[in-house]
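Here is how the chains run, residue by residue.
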Amino acid sequence: MVASAKRKALITGASGQDGSYLAEKLLSVGYEVHCVLRNHWFETEGLVPPNLSISYDHLHLHAGSLENVLGLSRIVREVMPDECYHLAGYSFVEVPFEEEPTVLASLVSGTHALLAAIREFVPECRFFLAGSSEMIGAAPESPQSETTACRPRSIYGLSKLSGFHIARFYREKYGIYAVTGILYNHESVRRGTQFVTRKITQGAAAIKLGRQKSLSLGNIDAVRDWGYAPDYIDAIYRMVQGDEPKDFVIATGVGRTVRDLLEVAFGTVGINWQDHVVIEPKFYREIEAVPLIGDARAIELELGWNATKPFSEIIEEMVVSDLQLLQKA
Ligand code: G4F
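Here the structure is a predicted model, which is why all the values come from computation and not from measurement. (Residues numbered from 1 in each chain as written. Predicted model: local features only at pLDDT ≥ 70, side-chain atom pairs only at ≥ 80, totals over all residues. Heavy atoms only, no water.)

**Quick word on the pattern of salt bridges**
For the structure shown, the criterion picks out 16 salt bridges. With its nearest N and O atoms 3.3 Å apart, the salt bridge here joins R38 to E67. Residue R38 is located in the loop between strand 2 (32–37) and helix 2 (40–43), and its partner E67 is located in the loop between strand 3 (60–63) and helix 3 (69–79); the two are separated by 29 residues in the primary sequence. Of the residues examined, R38 reaches a relative accessible area of 44% and is grouped as partly exposed. For E67, a relative accessible area of 42% puts it in the partly exposed group. (Salt bridge = Lys/Arg side-chain N within 4 Å of Asp/Glu carboxyl O. Helix = DSSP H or I, 4+ residues; strand = E, 2+ residues; numbered from the N terminus. Buried < 20%, exposed > 50% of the residue type's maximum accessible area, 1.4 Å probe, protein only.)

**Some words on the packing of helix 1 (residues 17–28) against helix 7 (residues 229–240)**
The description of two helices packed together rests on the angle between their axes and the distance between the axes. Between helix 1 and helix 7, whose axes approach to 9 Å, the crossing angle comes to 60 degrees. Taken together, the axis directions place helix 1 and helix 7 in an arrangement best described as oblique. Considering how the two elements wind past one another, helix 1 and helix 7 form a crossing that is right-handed. Where helix 1 abuts helix 7, its residues Q17, D18, Y21, L22, K25 and L26 lie against A229, P230, I233, D234 and Y237. Tallied by class, the residues present in the contact of helix 1 with helix 7 amount to seven nonpolar, one polar and three charged. (Axes fitted to C-alpha atoms, helices over the stretch in contact; angles between N-to-C directions. Parallel < 35°, antiparallel > 145°, perpendicular 65-115°, else oblique. Left-handed = near helix turned anticlockwise from the far one by under 90°. Contact = heavy atoms within 4.5 Å. Nonpolar A, V, L, I, M, F, W, Y, C, P; charged D, E, K, R; others polar.)

**What to know about helix 4 (residues 100–121)**
End to end, helix 4 covers 31 Å across 22 residues, agreeing with the expected 32 Å (1.5 Å per residue, within 8%). Buried within helix 4 we find V103, S106, L107, G110, T111, A113, L114, L115, A117 and I118. Taken together, the buried residues of helix 4 touch strand 1 (8–12), helix 3, strand 4 (83–86), strand 5 (126–132), helix 5 (155–174) and strand 6 (178–183). (Expected span 1.5 Å × (residues − 1).)

**Looking at the side chain of S106**
Within the secondary structure, S106 sits in helix 4. From its side chain, S106 meets the backbone oxygen of T102 in a polar contact 2.8 Å long. Those residues within four positions of S106 in sequence are excluded, and the remaining contacts are L66, E67 and T111. (Polar contact = N/O pair within 3.5 Å; in protein donor to acceptor, adjacent residues only side chain to side chain.)

**Thoughts on the nonpolar core**
With 34 residues, the main nonpolar core has I11, L26, V33, Y85, F128, I250 and I299 as its most contacted residues. Elements with a minimum of two residues in this core: strand 1, helix 1, strand 2, strand 5, strand 6, helix 7 and strand 11 (248–250). No other element matches the eight residues that helix 7 contributes to this core. (Core = buried A, V, L, I, M, F, W, Y, C linked by side-chain atoms within 4.5 Å.)

**As for the sheet that holds strand 11**
Taken together, the seven strands give an open sheet; going across it, the order is 3-2-1-4-5-6-11, and neighbouring strands pair in parallel fashion. Each of the sheet's edge strands pairs with one partner strand only, and the pair in question is strand 3 and strand 11. With direction set aside, neighbouring strand axes in the sheet form an average angle of 20 degrees. By the bridge criterion, five bridges tie strand 1 to strand 2 in an arrangement that is parallel. Across the sheet, A9 pairs through a bridge with V33, a residue of strand 2. The sheet strands contacting helix 5 are strand 5 and strand 6, and the helix crosses strand 5 at an angle near 155 degrees. (Pairing = 2+ DSSP bridges.)

Functional significance is not addressed by these values, which are geometric in nature.
Listed below in structure tokens is the structure:
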């Protein structure tokens with residue numbers, strides 16, 4: 001009897017929050033998982049990206065980067081994936097002026113290189129691009145859906161919107177199954193500490209343990225639609241398994257302020273946040289006239305997806321994890 005071949009998935013950005021959860025999910029459902037990691041992860045023997053510590057031994061690793069388009073093309077040709085999940089790229093919305101060319105060029109040329117290689121070598125491969133609510137930017141309405149006009153307000157948002165159009169173009173012109181998830185903020189214990197959720201949960205934990213006295217933040221009236229990262233991985237997976245290639249908004253539909261976040265995080269450790277939070281202009285960003293809140297009814301209706309974890313549980317889980325991490329350190 002011939003064993004049936006495993007489906008092969010290729011993930012860029014695998015060492016990040018989303019990539020690492022996706023790698024675990026795909027392994028758990030029987031995929032052969034190939035990951036593109038930046039060269040520096042291969043330079044020191046035994047160095048394992050922390051987010052991949054659970055799945056690392058089961059992954060096939062390839063050194064590559066968005067800037068090395070020939071390298072990306074070669075990886076696609078070697079792996080011949082059934083599914084390609086393109087999650088790599090700059091993820092912080094505030095891009096320093098000097099880095100604008102790199103952020104824009106890497107996302108555009110990296111997305112194009114992957115799709116061009118798919119078209120040439122493995123046209124049946126399904127392609128997913130991690131888009132962002134920042135593609136929509138200055139929204140004319142709230143909540144925003146797949147039909148909301150896009151007017152990015154950052155180079156980051158503009159680069160994601162360009163990637164979205166490259167994927168759409170390859171779908172319409174070449175018949176590639178290429179889709180973009182318009183992802184709103186999604187958090188977990190693996191979130192980077194530069195993002196406001198983790199900055200606050202880590203800060204609350206450090207203050208509770210007496211390791212830190214204050215926490216400096218920007219605009220605490222800013223509103224975001226915060227969901228749970230593993231839920232968003234489920235949405236991404238469903239999009240790639242769909243009957244037809246379609247782009248979807250992935251969001252909870254509920255907006256909260258950074259103040260709400262402070263209440264839950266500091267409440268988890270029984271501390272009054274007002275006694276510790278300092279507002280610093282350097283972290284300030286303009287507030288959107290219309291808040292970025294997503295309308296995910298299309299993916300709920302068409303793919304049966306739902307957000308499962310309430311905001312307060314996500315933040316409590318992050319605070320508890322940060323307490324444990326700091327106690328171990
Ligand atoms: O956590 P943030 O830095 O996330 P942001 O900018 O919304 O971007 C995240 O979500 C996007 C999807 O919607 C992704 F595309 C993107 O890659 C990333 O994952 O900031 C959230 C809010 C902002 O309104 C910011 O002004 O928190 C506000 N904020 C207030 N004080 C702060 C701070 N943000 C940060 N990072 N640090 C502060 O001290």
